[in-house]
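# Descriptive analysis of the structure
What follows is each chain in one-letter form.
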Amino acid sequence: MTISTPEGTEQGTTPAAPLALEEQAPTRRRLADSQPTTGVERFKDNLYYLRGRGALEISGVYLLILVGFAVAAAANPIGFPFLNSNNLSGVLSQNIPVLAILAIGAGVLMIAGEFDLSIGATIGLCGVVFIKVANAHNWQLAFLATIGVGMTVMLINGLIVVKTKIPSFIATLGMSFFWTGASIYINGSNPATFFPGVRTDAMVKVMAGNYGYFRSQLVWLVLIGVAAWFMLHRHRIGNKVYAVGGNPAAAAAVSIKPTVVRLQAFAFLGLMVGIASSLYVARTSGMQPGTTDSYTLLAIAAAVVGGCSLTGGRGSVTGMVVGAALILTIENGLVLGNTPGFYVQLFLGLAIVIAAVFNKFMEGKAT
Amino acid sequence: MTTTVDQTHGRPTSVTEPLLRLEGVTKNYGPNTVLKDVSFEIGQGEVVGLLGDNGAGKSTLVKIMSGVVSMSSGKYFWEGEELSRVTRPETERLGVETIFQDSALVPTMSITRNIFAGREVTNRLGFLKMREMDAIATEILDSVVSIEGIKSAKQLVGSLSGGQAQAVAIARAVHFKRSLLILDEPTSALAVRATEALLNYLVALKGEAVSSVLVTHNLHHAYKVCDRHIVMNHGKKILDLRREDTNVEELTAAVVEGMEGVKRYREGQALA
């Protein structure tokens, strides 16, 4: 860089023209004058600034798919029973909440700038813990213990990442094998199952109850989703998460501690994994360690489809939930349409990549 | 305004102690010494120019003053009292605000959220008052700098130009400063009119008993507004002169050629 000298100034001999303090800035358009005032204007303004943040566009896409499936189901209720209550309640409202809760955990961690590849392994460990504690004591204690184990596991993962500063990719990949091993060590390689009478009516009602068109899991998702939305988008905790993921140096300059916030995000993922695995075993009544690995990448894929960025700082709770719903609804549609098994994977993979590319494109339109 | 500032810190109305005094500040990054035994002070309501070529240690000094980087050795006095630990929360409490060269904003957050990051307006449970913050952000953007092209405080900082982002950083620092405003190359990305407005603002701040430190390459800007000039060279302070005791030529010589240049300039002046 060079020292600039304004042209035509006689250097040094006289101080350059004295500052005219009394001179007011020329009249200019004020930002305050162009802001929305009425409710309708404000709504439009808010909608405008939602573009490219992930949730709005993918929700539109999801709505289109839902309408498409509904029309197909109305035209051919027998061949494509999408609207059948068995399908809505038995498949969608049982599968979507578990994945969506995991996606909220994975997504918040991604916004904070880290991710975790041991989600699936931790579900296995948590599930085993739930069944063991429920068999020995009761399901309420099992639920608390499962959450405790989930959070402890994720805090250990987080401490390794934050303290050693090795990339979370390799740290949590290694820990994924470790936690699978740990659950086999605790349980043996046979599936863990509830003793007769342990899976009480009360437990089923709370964690896997059938209420016609939906199941208890959907209630859990709504409660968790609303709470997570407020904490992430309308609470100062959420602002810290975005700041740390978007620019850690800028966060540190305003007294936000990136390592603390990242650890909190890991712990939050642990909480989500604990709840999701409890719902999972309450429904399936069993857990075999090593069979839940696919959830890791499904949860991350759901978050990415919903607009989270692997580099941090971007994403929304609505997007994460819609991302999970989109993936599982497409899978459901493919299965109902009698698509052969390998085509399901093929189309699902394609749909995830297209959704991610679409998000990347919309991100560029963000203002 | 002066009285409010004074009340905030409970300082007596007539203060003889300088606002900030650094003594023997040294900073090592591994084997490299970037600051060697630097001492200076910043008076109440004073505008100080911190000058020097690239690598002179200006930015490190700025980071130490604002509490973002800790010093290897040295003392930090605030109104005559030594701080035992100089951290960002501590300097924030004292009312020090910094506009960093790399503007230190989060591109994926809105202007409002950037301005209030870490210091949000919330209710008692910590939930954000978004509408209130949007309104304040709009107001300070209007009052501080020219904001050509910014349409709303809800825009993402990542969608702004370099100059507009700089304006946001300035707006934030100006809003939260209470005693000391540090500006690290604030005009590098600003348009001419915005630069002029900012420099005027620094002079006006004196009336509010707010001190400022201006780090810049542009000696003419510095000379216009600063009461005192500190020139750094290879991690050492080589000049510390009041405005009336120096001129742009001498400062240029000091920045470009260090102490050698100053000697040559003074010899030249003596002969003439």
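Residues numbered from 1 in each chain as written. Chains lettered and ligands numbered in written order. Predicted model: local features only at pLDDT ≥ 70, side-chain atom pairs only at ≥ 80, totals over all residues.

Within chain A, the regular secondary structure consists of 14 helices and two strands. Principal-axis analysis of the C-alpha atoms places the extent of chain A at approximately 95 × 55 × 40 Å. Taken across its 367 residues, chain A has 44% of its residues classed as buried. Put simply, 77% of the contacts in chain A that link residues at least 6 apart link residues at least 24 apart. (Helix = DSSP H or I, 4+ residues; strand = E, 2+ residues; numbered from the N terminus. Buried ≥ 20, exposed ≤ 12 C-beta atoms within 10 Å, placed from the backbone. Contact = placed C-beta atoms within 7 Å.)

The subject of this paragraph is the overall build of chain B. The helix and strand inventory of chain B stands at nine helices and ten strands. Against the globule reference of 19 Å for 272 residues, chain B gives a C-alpha radius of gyration of 19 Å, in line with a compact fold. Counting only C-alpha atoms and orienting by the principal axes, one finds that chain B spans roughly 65 × 40 × 40 Å. Going through the 272 residues of chain B one by one, you find that 48% of them count as buried. For chain B, contacts bridging at least 24 residues in sequence account for 66% of all contacts bridging at least 6. (Rg over C-alpha atoms; globule rule 2.2 N^0.38 Å.)

A few words on the sheet that holds strand β10 (residues 236-242) of chain B. Residues and elements named next belong to chain B. Strand order in the open sheet formed by six strands is β6-β7-β8-β3-β9-β10, and the pairing between neighbours is mixed. Unpaired on one side and paired on the other, β6 (96-99) and β10 mark the two borders of the sheet. On average, each strand axis in the sheet is inclined to that of its neighbour by 15°, with strand direction left out of account. Bridge count between strand β3 (residues 47-51) and strand β8 (residues 211-215): four bridges; the pairing is parallel. Bridge pairing links V47 to S212 in β8. In the packing of helix α6 (residues 162-176) onto the sheet, the strands contacted are β6 and β7 (180-184), and the crossing angle to β6 comes to about 170°. (Pairing = 2+ DSSP bridges. Axes fitted to C-alpha atoms, helices over the stretch in contact; angles between N-to-C directions.)

Turning next to the sheet that holds strand β1 (residues 20-29) of chain B. All names here are of chain B. Read across the sheet, four strands follow the order β2-β1-β4-β5 without closing on themselves; strand pairing throughout is antiparallel. Looking along the sheet, the strands with just one partner apiece sit at the ends: β2 (32-42) and β5 (81-82). Pairing of strand β4 (residues 73-78) with β5, which is carried by two bridges, proceeds in the antiparallel orientation. The residue of β5 that forms the bridge with W78 is E81.

Before going further, it helps to examine the nonpolar core. Residues and elements named next belong to chain A. Membership of the largest hydrophobic core comes to 175 residues, with the highest contact counts inside it found for L102 and A103. A per-element tally of this core places helix α11 (residues 258-284) first, with 14 residues. If near-sequence neighbours (up to four positions away) are discounted, A103 is found in contact with A299, A302, A303, G306, M320, V321, G323 and A324. (Core = buried A, V, L, I, M, F, W, Y, C linked by C-beta atoms within 7 Å.)

Model confidence for chain A is summarised by a mean pLDDT of 87, while 92% of its residues fall at 70 or above. Taken together, the stretch residues 1-26 of chain A has pLDDT below 50 and engages in 31 contacts with residues farther than four places along the chain or on a different chain. (pLDDT = per-residue confidence, 0-100.)

In this section: the packing of helix α4 (residues 119-136) of chain A against helix α5 (residues 139-164) of chain A. Residues and elements named next belong to chain A. Between α4 and α5, the least distance of the axes is 8 Å, while the angle of their chain directions is 150°. The pairing of α4 with α5 is recorded here as roughly antiparallel in orientation. As for the relative orientation of α4 and α5, their crossing is right-handed in sense. Residues T122, L125, C126, V129, F130, V133 and A134 of α4 pack against W139, L141, A142, A145, T146, V149, G150 and V153 of α5. Across the contact of α4 with α5, the residue classes tally to twelve nonpolar, three polar and no charged. (Parallel < 35°, antiparallel > 145°, perpendicular 65-115°, else oblique. Left-handed = near helix turned anticlockwise from the far one by under 90°. Nonpolar A, V, L, I, M, F, W, Y, C, P; charged D, E, K, R; others polar.)

Attention shifts here to the pairing of β2(B). Alignment of β1(B) against β2(B), held across seven bridges, turns out to be antiparallel. Opposite L22(B), over in β2(B), you have F40(B) as the bridge partner.

So, about the interface of chain B and chain A. In many reports, interface size means the accessible area that the parts give up when they come together. The partner chain A presents 39 residues to the 50 residues of chain B that form the contact. Mapped onto the side of chain B that touches chain A, the elements with two or more residues apiece are α3 (88-94), α5 (130-144), α7 (192-205), α8 (219-225) and α9 (248-271) of chain B. Tallied by class, the residues present in the side of chain B that touches chain A amount to 24 nonpolar, 16 polar and ten charged.

Okay, the domain arrangement of chain B next. Residue and element names in this part refer to chain B. Here the domain parsing of chain B yields domain 1 (44-70 + 87-95 + 177-272) and domain 2 (107-176). Between the C-alpha centres of domain 1 and domain 2 the distance comes to 27 Å. At the interface, ten residues of domain 1 touch ten residues of domain 2. Ranked by residues supplied to the side of domain 1 that touches domain 2, first place goes to α7 with four residues. For the side of domain 1 that touches domain 2, a count of residues per class yields eight nonpolar, no polar and two charged. (Domains from an automatic or database assignment.)

The largest bend in helix α3 (residues 85-111) of chain A amounts to roughly 35° and is located at L92(A). Where α3(A) terminates, the next one or two residues include G113(A), which has phi positive at roughly 95°. (Bend = angle between axes of the 7 residues up to and from the residue.)

Next up on the list: the confidence of the model for chain B. Residue and element names in this part refer to chain B. Confidence along chain B averages 84 in pLDDT terms, with 92% of residues attaining 70 or more. Looking over chain B, one finds the lowest element-wise mean pLDDT in helix α1 (residues 2-9), namely 42, and the highest in helix α4 (residues 111-116), namely 93. Ignoring residues within four places in sequence, the model shows residues 1-14, a span with pLDDT below 50, making 14 contacts including any to other chains. Overall fold confidence (pTM) sits at 0.84, and the ipTM for the predicted complex is 0.82.

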